[in-house]
Structures are given as C-alpha cells and as structure tokens.
Amino acid sequence: MKKKYVIGIIVISLLIILATVIFWPPKFSLNKNETLELDYGTKYQEPGFKVTKFGRDYTKDVKIENQIKNKLGTYSIIYKVKINGITYKKIRKIKVVDHEKPTITLTGQSNITICPLSEYQEEGYKATDNYDGDITDKVKVTQKENIITYTVKDSSGNETKITRKIVKEDKNAPQITLKGSSTQTIYLGASWKEPGYSATDNCNGDITNNVKISGTVNTNKLGTYKITYTVNDSSGNTASKERTVKVISKSTSTTSNQKGVIYLTFDDGPKEGTTNVILDILKEENVPATFFVTNNGPDSLIKRAYNEGHTIALHTASHNYATVYSSVTNYYNDLLSVQNRVKRITGQESKIIRFPGGSSNTVSKKYSKGIMSTLTKDVLNKGYRYYDWNIDSDDAGGATSSSKVYNNVIKSLSKNRANMVLMHDIKNQTKDAIRNIIKYGKQNGYTFAKITMSTPMIVHSVNN
Ligand code: ZN
C-alpha cells in the first residue's frame with residue numbers, strides 16, 4: 001500500500017515534469033521594438049527574431065504573416081511557430097506613416113521684377129503630395145510687403161512653405177521711333193516740317209507727349225543740322241534719338257566753277273552700234289561723259305565706258321513707266337536691279353540716278369499719284385543724287401536728224417551756268433551729232449565734265 005503510493009507519486013511527478021517540458025513556452029524574441037514605424041511608400045524590412053526552447057533553436061521554423069497595406073494605418077506582422085504540436089504566436093505592430101512634405105511648384109519666376117506702379121498678377125502654382133496627390137486647393141497664399149508666401153499641409157500635417165519675391169523697378173529705357181528717315185535732305189529755302197515721332201515705355205506706355213526736342217533747322221542756310229529727341233520715363237530712364245537734316249542747294253549752276261561746263265549725258269543705253277561709236281568719239285576728243293544705263297545692251301559696253309573714265313549712272317532696269325511708277329517699292333526694285341548690274345560689271349556702286357522721263361514727268365500720274373513727290377525726297381534720304389537736265393537735245397522726240405540734235409544743243413548752251421545736256425546713246429542721229437557738238441563746245445570756250453557725287457544737282461520741279 002505504501003509502496004504503491006510512492007510509485008503513484010513518482011509517476012505523477014514524471015507526468016508533471018513531462019507536461020511541463022512539453023507545455024513550457026519557448027523564448028520568442030523580436031529584434032528592435034515590437035511596434036515600429038514604416039514610412040509610406042517604403043518596403044518593410046524584417047529586423048529579425050529568435051525562438052529558443054531549452055537551448056534548442058526554432059527560429060527557422062517561424063512562419064511570418066505580413067498584413068501591411070499600401071495605406072496609412074497600423075498593421076500586424078504575425079510570427080508563428082509550432083513546437084510539439086502547439087502553435088506559438090508573436091505580433092509586431094507596424095505603423096505606416098507619412099513624414100514627407102508636399103511640394104509646391106510656382107508658375108513663373110520666384111524672383112519677379114514688375115513695373116513700379118503695377119500690381120503682381122498671380123501666375124499660378126501647384127501643390128502635390130506623395131500621399132494625398134494634388135492638393136493645390138489647400139494652398140494658402142499670403143502677401144507681406146514684397147514677399148508672397150505659399151503654404152500647404154498634407155493630411156499627415158507635413159507643411160511646406162515657399163515664397164516669391166516681387167521687386168518693383170524699371171530699368172528699361174523708353175524707345176523713340178522717328179517717322180521718316182533719320183537723315184533728311186531739303187532744299188535751301190524750302191520749309192522744314194517735323195516728320196513726327198513717337199515714344200513708348202515698357203511701364204508708362206505711350207509717352208510721346210513727354211518727348212523734348214532740341215535743335216533747329218535754318219532752311220535759309222546751307223548746312224547739316226541735328227535735331228535731338230529726348231524722353232524720360234517715370235523711373236528716370238532716358239532715351240534719345242537724333243535726326244540729321246541737310247539743307248542743300250538745288251542747283252549751284254551760278255557758282256563759278258560750274259559756269260560754262262557741259263555735262264554730256266546719255267540715257268537708255270548701252271546699245272551696240274551707237275554707244276560704241278560715241279565712246280570712240282569721246283576717246284578721240286578726250287571728253288568725259290555720263291551714261292544713265294538700263295538693263296539693255298551688252299555688259300562689255302558698260303565695262304568699256306567705265307574703263308575709259310566715264311561715269312556709269314543709273315536710269316532704271318526696265319525703263320517701263322507702268323512698272324517703275326506703279327509703286328515706290330517697284331521703283332526701287334527696278335533701280336536696284338540696274339544698280340546691281342553696274343556693280344557687277346564695274347565693281348563700283350553707283351548712286352547717281354536719273355528718273356525715266358525726268359523728275360518733272362507727268363506720265364507717272366497714270367500709275368501712282370504723287371509718286372514723284374515721294375521719290376524725289378526719298379532717293380536723297382537714301383543717299384542717291386538725281387539729275388535732270390537744262391538742255392534737251394530732243395533726240396527722243398522731234399530731232400530725228402543729226403543737224404536737229406546739234407542745233408537743239410548748241411542754241412541752249414550758256415556760259416553762265418552748268419549745261420546738263422539730255423541725249424540718248426541709242427540714237428543714230430545723236431551718234432552722228434556728238435562730234436560736232438564737242439567741237440563747238442571746245443571752240444567756244446566750254447569745258448566738259450562728267451557727273452560725280454559732288455556735282456550740284458540740276459533738277460526740275462515736280463509735277464506729280
Ligand atoms: Zn530715258
């Protein structure tokens with residue numbers, strides 16, 4: 001009886017020990033804290049764990065269940081291990097949090113200069129957050145003096161603040177625009193009228209009324225006059241422009257060095273058969289002349305006339321009234337065409353011109369009213385000099401014989417002025433008259449000259 005008792009106690013004790021060994025919980029430890037923060041958008045990195053029981057390592061048997069979602073919140077990582085048929089659990093809490101600040105992007109510069117009296121017009125902005133997305137409507141805009149502050153908070157309370165600096169100043173000078181050419185040429189005794197001007201400023205707008213003009217033009221005295229236009233904007237920036245007005249003499253045929261000079265001028269060529277003969281005679285007589293050429297005839301005759309010391313001047317390329325007088329633009333296109341031809345042949349740019357029909361022509365009225373009034377001023381402003389004539393040989397009209405050409409010229413020659421003789425080197429009767437005209441001139445004490453840029457202009461009065 002006593003023995004049975006003892007055995008019973010031993011058995012029970014063994015069972016208790018066995019049960020204790022079996023049911024004794026393992027040592028289950030997590031590395032780092034049991035509650036961890038995880039930044040939104042980053043991947044969870046397992047910090048590790050360890051399970052042991054009575055010196056035996058069960059770490060490898062642990063199964064992990066990750067419940068983390070891609071959203072702010074608190075989630076569990078569940079670690080499970082089964083030992084002797086019993087499952088042990090451990091839980092780690094993971095808080096998915098957002099510590100990232102939103103971003104504000106400004107449209108336009110963050111440093112802006114505007115006109116002193118103007119107000120800044122907001123150019124716009126955009127706010128985005130890594131978690132909330134577009135939060136532009138949450139941006140608060142405040143202004144203190146010249147600093148605009150843009151503030152925004154995301155749903156986790158992260159705040160971003162940026163600023164825009166507004167500087168009110170004007171460092172740009174106004175602009176003056178002159179109407180008409182900045183170099184004008186008028187005749188002695190003519191009246192000078194200011195062609196007009198305008199001034200604008202980036203901040204003040206139209207400030208034409210503030211323009212101050214200094215300088216005067218004495219139209220009764222030959223010379224070059226300067227007119228200065230000056231304007232200030234409200235910030236003290238200054239602009240100025242200058243116009244040059246040249247008062248020139250219409251004709252200085254009365255000046256002594258021009259008296260008794262004959263300018264033989266030949267229009268509308270060159271032409272093979274006539275121009276070359278005229279050049280032969282001029283060479284034999286050693287007399288210089290002026291050729292107002294077109295785009296007609298061979299280059300070689302222009303080249304020869306130039307090489308033999310004559311002036312190559314410009315008539316127009318086409319000499320077609322309907323073309324050259326249809327508009328100012330068309331006139332210049334035609335003129336440039338012959339100007340380029342002459343430059344190509346001689347290497348020299350000619351700025352000496354004669355209008356087809358002369359500046360007094362009325363035929364141009366048919367194509368463009370007032371064009372001669374415009375052109376006669378404009379060509380001077382562009383640096384050309386134009387020459388009409390005061391003796392017409394009429395070789396393009398009624399003078400169909402060399403004797404008529406000869407008589408028309410010599411009867412009009414005068415010792416008291418320069419004699420600008422209009423002829424056409426495309427005419428046979430002219431070719432035949434020219435030697436006698438030269439002989440007459442020489443025998444009667446005239447001298448011959450070619451037109452140069454310093455030859456006084458002989459011009460008609462304009463009729464259109
Ligand atoms: Zn002509």
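Position labels on residues start from 1 in each chain and follow its written sequence. Only residues with pLDDT of at least 70 are given local features in this predicted model, and only at 80 or more are side-chain atom pairs given and counted; all residues enter the totals for whole chains, interfaces and linings. Hydrogen atoms and water are omitted, and side-chain values are computed over all heavy atoms in the structure.

**Section: the coordination of the zinc ion**
Consideration 1: Metal donors were taken as nitrogen, oxygen and sulfur atoms no farther than 2.8 Å from the ion, or 3.2 Å where the ion is Na, K or Ca. Water is excluded, so coordination may look unfinished. Note on the zinc ion: its protein donors are Asp 268 (OD), His 315 (NE2) and His 319 (NE2). The metal-donor distances range over 2.1 to 2.3 Å.
Consideration 2: Along the chain, the residues donating to the zinc ion are arranged with the sequence spacing D-x46-H-x3-H. With Asp 268 in the loop between β22 (261-267) and α2 (275-285) and His 315 in the loop between β24 (311-314) and α4 (321-324), this residue pair connects regions lying 47 residues apart in the sequence.
Consideration 3: Classification of residues uses two cut-offs on accessible area relative to the type maximum, computed with a 1.4 Å probe and protein chains only: under 20% is buried, over 50% is exposed, and between them is partly exposed. A residue is classified by how much of its surface remains accessible, and Asp 268, at 15% relative accessible area, is buried. Put simply, DSSP H or I for four residues or longer makes a helix, DSSP E for two residues or longer makes a strand, and each gets a number counted from the N terminus.

**Considerations on the nonpolar core**
Consideration 1: In this description, a nonpolar core means a group of buried Ala, Val, Leu, Ile, Met, Phe, Trp, Tyr and Cys residues linked to one another through side-chain atoms lying within 4.5 Å. Counting residues in hydrophobic clusters, the biggest one holds 64 residues, and the most contacted among them are Leu 264 and Tyr 331.
Consideration 2: The greatest single-element share of this core, amounting to six residues, is contributed by helix α5 (residues 328-346).
Consideration 3: A contact between two residues is defined here by any heavy atoms of the two lying within 4.5 Å. Not counting the four nearest positions on each side in its chain, Leu 264 is found in contact with Leu 282, Val 287, Ala 289, Thr 290, Val 421, Met 423, Ile 434, Ile 437, Ile 438, Phe 448 and Ala 449.
Consideration 4: Phe 28, Tyr 44, Val 51 and Tyr 88 belong to the second-largest nonpolar core, a separate cluster that totals 18 residues.

**A short note on the pairing of strand β13 (residues 147-153)**
Consideration 1: The element β13 is largely enclosed, with a buried count of five among its seven residues.
Consideration 2: Paired strands, in this sense, are two strands between which DSSP finds at least two bridges. Summarising the sheet, strand β12 (residues 140-144) and β13 pair through five bridges and their orientation is antiparallel. Opposite Gln 143, over in β13, you have Ile 148 as the bridge partner.
Consideration 3: Following β12, the chain reverses through two residues before pairing antiparallel with β13; Glu 145 in that reversal takes a positive phi of roughly 50°.
Consideration 4: Joining the antiparallel neighbours β13 and strand β14 (residues 159-168) is a turn of five residues, in which Gly 157 adopts a positive phi near 90°.

**Here's the deal with the state of the cysteines**
Consideration 1: Here, the term disulfide refers to a pair of cysteine sulfur atoms separated by no more than 2.5 Å. By the definition in use, this model includes one disulfide.
Consideration 2: Disulfide pairing is shown between Cys 115 and Cys 203; the S-S distance is 1.8 Å. The disulfide joining Cys 115 to Cys 203 has a torsion of about -85° about its S-S bond and is therefore left-handed. Pair noted here: Cys 115 is in the loop between β9 (111-114) and β10 (125-129) and Cys 203 is in the loop between β17 (197-201) and β18 (205-206), with a separation of 88 residues, a long-range link.
Consideration 3: Here Cys 203 falls in the partly exposed class, since its relative accessible area comes to 24%.

**Considerations on the packing of aromatic side chains**
Consideration 1: Put simply, two rings from Phe, Tyr or Trp (the six-membered ring, in Trp's case) pair if the centres are within 6.5 Å, and we call them stacked under 30 degrees between planes, edge-to-face over 60, tilted for the rest. Under the definition given, this model contains ten aromatic pairs.
Consideration 2: Ring geometry for Phe 266 versus Phe 291: centroids 5.2 Å apart, planes at 25°, classification stacked. Here Phe 266 is found in strand β22, whereas its partner Phe 291 is found in strand β23 (residues 290-293), with 25 residues between them in sequence.
Consideration 3: Pairwise contacts between aromatic rings join Tyr 331, Tyr 332, Phe 355 and Tyr 386 into one cluster.

**Observations concerning the environment of Asp 299**
Consideration 1: Inspection of the secondary structure assignment puts Asp 299 in helix α3 (residues 299-307).
Consideration 2: C-alpha separation for the pair Asp 299 and Lys 271, spaced 28 residues apart in sequence, amounts to 9.9 Å.
Consideration 3: Not counting residues up to four positions away in its chain, the partners in contact with Asp 299 are Arg 341, Arg 344 and Ile 345.
Consideration 4: A 3.5 Å cut-off defines polar contacts: any pair of N or O atoms within that distance qualifies, except that in protein one atom must be a possible hydrogen donor and the other a possible acceptor, and neighbouring residues in sequence count only when both atoms are side-chain atoms. Of note is the side chain of Asp 299, whose polar atom sits 2.8 Å from the side chain of Arg 341.

**Some points on the domain arrangement of the chain**
Consideration 1: Looking at the chain, the domain boundaries give domain 1 (25-97), domain 2 (103-168), domain 3 (175-248) and domain 4 (256-448).
Consideration 2: Just so you know, the domain bounds were taken from an automatic or database domain assignment. Put simply, the middle of domain 1 and the middle of domain 3, counted by C-alpha atoms, are 89 Å apart.

**Looking at the sheet that holds strand β2 (residues 35-39)**
Consideration 1: The strand order β2-β7-β6-β5 describes an open sheet built from four strands, whose pairing is mixed. Each end of this open sheet is capped by a strand with a single partner; those strands are β2 and β5 (63-66). Mean inter-strand twist for the sheet, computed between neighbouring axes without regard to direction, equals 25°.
Consideration 2: For β5 and strand β6 (residues 73-83), the ladder comprises four bridges, and the chain directions are antiparallel. Bridge assignment links Lys 63 to a residue of β6, and that residue is Lys 80. Each axis is a line fitted through C-alpha atoms, taken for helices only over the stretch in contact, and angles between the N-to-C directions span 0 to 180 degrees.

**Focus: the pattern of salt bridges**
Consideration 1: The working definition used for a salt bridge is a side-chain nitrogen of Lys or Arg within 4 Å of a carboxyl oxygen of Asp or Glu. Inspection of the entire model under this criterion finds 22 salt bridges.
Consideration 2: Notably, a salt bridge pairs Glu 65 with Lys 80, separated by 4.0 Å at the nearest N-O pair. Note that Glu 65 is positioned in strand β5 and Lys 80 in strand β6, a separation of 15 residues in sequence.
Consideration 3: Residues joined by salt bridges that share partners form a network here, namely Glu 284, Glu 285, Arg 435, Lys 439 and Lys 442.

**Structural notes on the sheet that holds strand β21 (residues 238-248)**
Consideration 1: Pairing is mixed across the open sheet formed by four strands, whose spatial order is β16-β21-β20-β19. Each edge of the sheet is formed by a strand with only one pairing partner; in this case those strands are β16 (183-187) and β19 (212-214). Averaged over all adjacent pairs, the angle separating strand axes in this sheet is 25°, with direction ignored.
Consideration 2: Alignment of strand β20 (residues 223-232) against β21, held across ten bridges, turns out to be antiparallel. Directly across from Tyr 229, in β21, lies its bridge partner Lys 241.

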